[in-house]
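Each chain is listed here by its residues.
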Amino acid sequence: MRIFHLAAECYPVAKVGGLADVVGALPKYQNQAGHQAAVVLPYYNRKFVQESEFDVVFEASNLLGTKRYEFEIWKERTNKLGFELFLIYIPGLLDREEVYSYPDEREQFIAFQLAFLDWINWSQQKPDLIHCHDHHVGLIPFLMKHSALYRKRLSGVPAVFTIHNGQYHGAFGYDKFDYLPEVDMNYAGLLDWAGAINPLASAVKCCHKYTAVSPSYLHELELQSNGLEYLFWLEKSKGLGIINGIDTEVWNPEGDPMIAAPIDADAPDAGKLANKKALCERFGLSPELPIISFIGRLVTEKGADLLPEAIQHSLDKHAGKVNFVMLGAGDKETEAALEALKEKYPDNYKTFIGYNEALAHLIYAGSDFLLMPSRVEPCGLNQLYALRYGTLPMVRRTGGLIDTVVDFGDEGGYGICFNRSVAADIEHAVDRAIELYENQPHLQLLRKRMMALDFSWNQSANQYINLYQSLNI
Ligand code: ADP
Ligand code: GLC
């Protein structure tokens, strides 16, 4: 099966969050299973691209409204990521460093989608399936079926759409309608939600099947999706929840070059301690105390705004008995509040504001606990990395966190779960973590239990293939 994955992010080319990890791994596992999966991304002027070699395999020009632009399709020469990687290069539009947040983001992603469709419309080999990830590529299912330019050749190609984050829709006003090629106006309503062009809604309406990145999140979309609840209820017969896997080659505690010492899943304690010491040395913390960490985007979805208050209360209550390490970037107010705590608790609290992939690996490896007080968490990969590195996840029961973490008080459990995204629930989880840390034999047993879990892609990659095959390809 020839599959094209389209997205804004892909690790290690360009990563902002978990979307990149999934798009950088799933196609690799599909190829290992004998399929031909490729990834198509916008061109980013970043390290991976600068250090790789490409061939230009297609060039043409296209219209964005009344403006003509030239584009090129670049193919990475060696398939070193385990799949074919194509970049769409558009001088002046798709040739930048950052992934998001440019004022002309709509133009960037529309031009990206149109260039892709033009390319496959003209290329000899038609794909068997197009798999779009998140709203940045959400117009593709509609355009394949209902635009005069592409309908003839592409309307029969199935499109699958995966929702990694249903909070963002990429909606824009009808003033940009003429950026799209000529469409069959009888179907223009398929672009619309609440009076705007809504790429996420349009993708859900026009795709053959959509998936959410966990079964619980699929259900939550009907209850909380920033205004699309009714649509998800209407379309639910097309929806399927498939939990993300993790790339066990990149996230391998026994051979990860970014951590201080290997961690053996059968006898993890020595490896954990070596990594904890390295982490403590880096931050100037005592390895005797439990370390509770947070890694992630500092946004309200992640409950990051709750951290300063909860940590402050916990550090006052358990003075000198617990350490916290924070890694993240995002809302400036939260960044400042997290930074401000450093002065108050210099011995027990450390923050790194920014993005640092290697430090994230060391924190997963060297911490005792990883805190995720998310308000919304479609899947969550952090808890899966934590489990694989023998770090006990402390999670709010939501989305994928419900599907992947069982409280250690329940049969076979290995995590700490709490119900509400509020400071009081986080503080209670911290109390439980400190108590558990004092019972080392119990913690060691849980550590072995979590490291024996299998969240590799094997199973989930198969679920996607079964889904594709159900579309009669
Ligand atoms: P989301 O995609 O919503 O941000 P996920 O849990 O799916 O959440 O994935 C987050 C990914 O981004 C993980 O690989 C995590 O380690 C990484 N990450 C997030 N923030 C940082 C940071 N500041 N530095 C390094 N890695 C980070
Ligand atoms: C999104 C979600 C996160 C999920 C990731 C990968 O960014 O916020 O929960 O793990 O996508 O699917």
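Anything mentioned here points back to the structure above.
1. With respect to the site of ligand 2
- Around ligand 2 there are 13 residues in total, and H164, N244, E377, C379 and G380 lie nearest to it.
- Separating an oxygen atom of ligand 2 from a backbone N or O atom of C379 is a distance of 3.0 Å.
- Note that an oxygen atom of ligand 2 is positioned 2.8 Å from one of the backbone N or O atoms of G380.
- Relative to its free-state accessible area of 310 Å², ligand 2 is covered by the protein chains to the extent of 93%.

2. Some details on the site of ligand 1
- Residues in contact with ligand 1 amount to 20 residues; listed here are only the nearest, K15, G18, R297, K302 and Y364.
- Separating an oxygen atom of ligand 1 from a side-chain N or O atom of K15 is a distance of 2.8 Å.
- Separating an oxygen atom of ligand 1 from a backbone N or O atom of G18 is a distance of 2.5 Å.
- When ligand 1 sits alone it has 570 Å² of accessible area, and the protein chains cover 93% of it.
- Of all elements in the fold, only α1 (18-23), β12 (291-298), β13 (323-330), α13 (357-366) and α14 (382-388) reach the threshold of two or more residues within the shell around ligand 1.

3. With respect to the nonpolar core
- Judged by nonpolar contacts, the single largest core of 83 residues is most densely connected at I292, F324, Y349, Y364, F369 and M394.
- Residue contributions to this core peak at eight residues, all from helix α16 (residues 423-438).
- Each of domain 1 (2-247 + 458-470) and domain 2 (269-454) contributes no fewer than three residues to this core.
- Apart from residues no more than four positions distant in its own chain, Y364 is found in contact with W251, K272, I295, L370, N382, Y385, A386, Y389 and T391.
- By size, the runner-up hydrophobic cluster in this structure holds 57 residues, among which are Y69, L94, I130 and Y150.

4. As for the sheet that holds strand β2 (residues 36-42)
- Strand order across the open sheet formed by nine strands is β3-β4-β5-β2-β1-β6-β7-β10-β11, with mixed pairing between neighbours. Since the sheet does not close on itself, it has two edges, and those belong to β3 (54-64) and β11 (239-241), each with one partner. Across this sheet, the average inter-strand angle for adjacent strands is 25°, counted without regard to direction.
- Against the sheet, helix α4 (residues 105-122) makes contact with β1 (2-6), β2, β3, β4 (67-76), β5 (84-89) and β6 (129-133), and its axis sits at roughly 115° relative to β3, the strand it touches most.

Each value, and the rule that gives it
- Residues numbered from 1 in each chain as written.
- Chains lettered and ligands numbered in written order.
- Predicted model: local features only at pLDDT ≥ 70, side-chain atom pairs only at ≥ 80, totals over all residues.
- Heavy atoms only, no water.
- Near = heavy atom within 4 Å.
- Polar contact = N/O pair within 3.5 Å; in protein donor to acceptor, adjacent residues only side chain to side chain.
- Areas by Shrake-Rupley, 256 points an atom, 1.4 Å probe, with all protein chains shown as cover.
- Helix = DSSP H or I, 4+ residues; strand = E, 2+ residues; numbered from the N terminus.
- Core = buried A, V, L, I, M, F, W, Y, C linked by side-chain atoms within 4.5 Å.
- Buried < 20%, exposed > 50% of the residue type's maximum accessible area, 1.4 Å probe, protein only.
- Domains from an automatic or database assignment.
- Contact = heavy atoms within 4.5 Å.
- Pairing = 2+ DSSP bridges.
- Axes fitted to C-alpha atoms, helices over the stretch in contact; angles between N-to-C directions.

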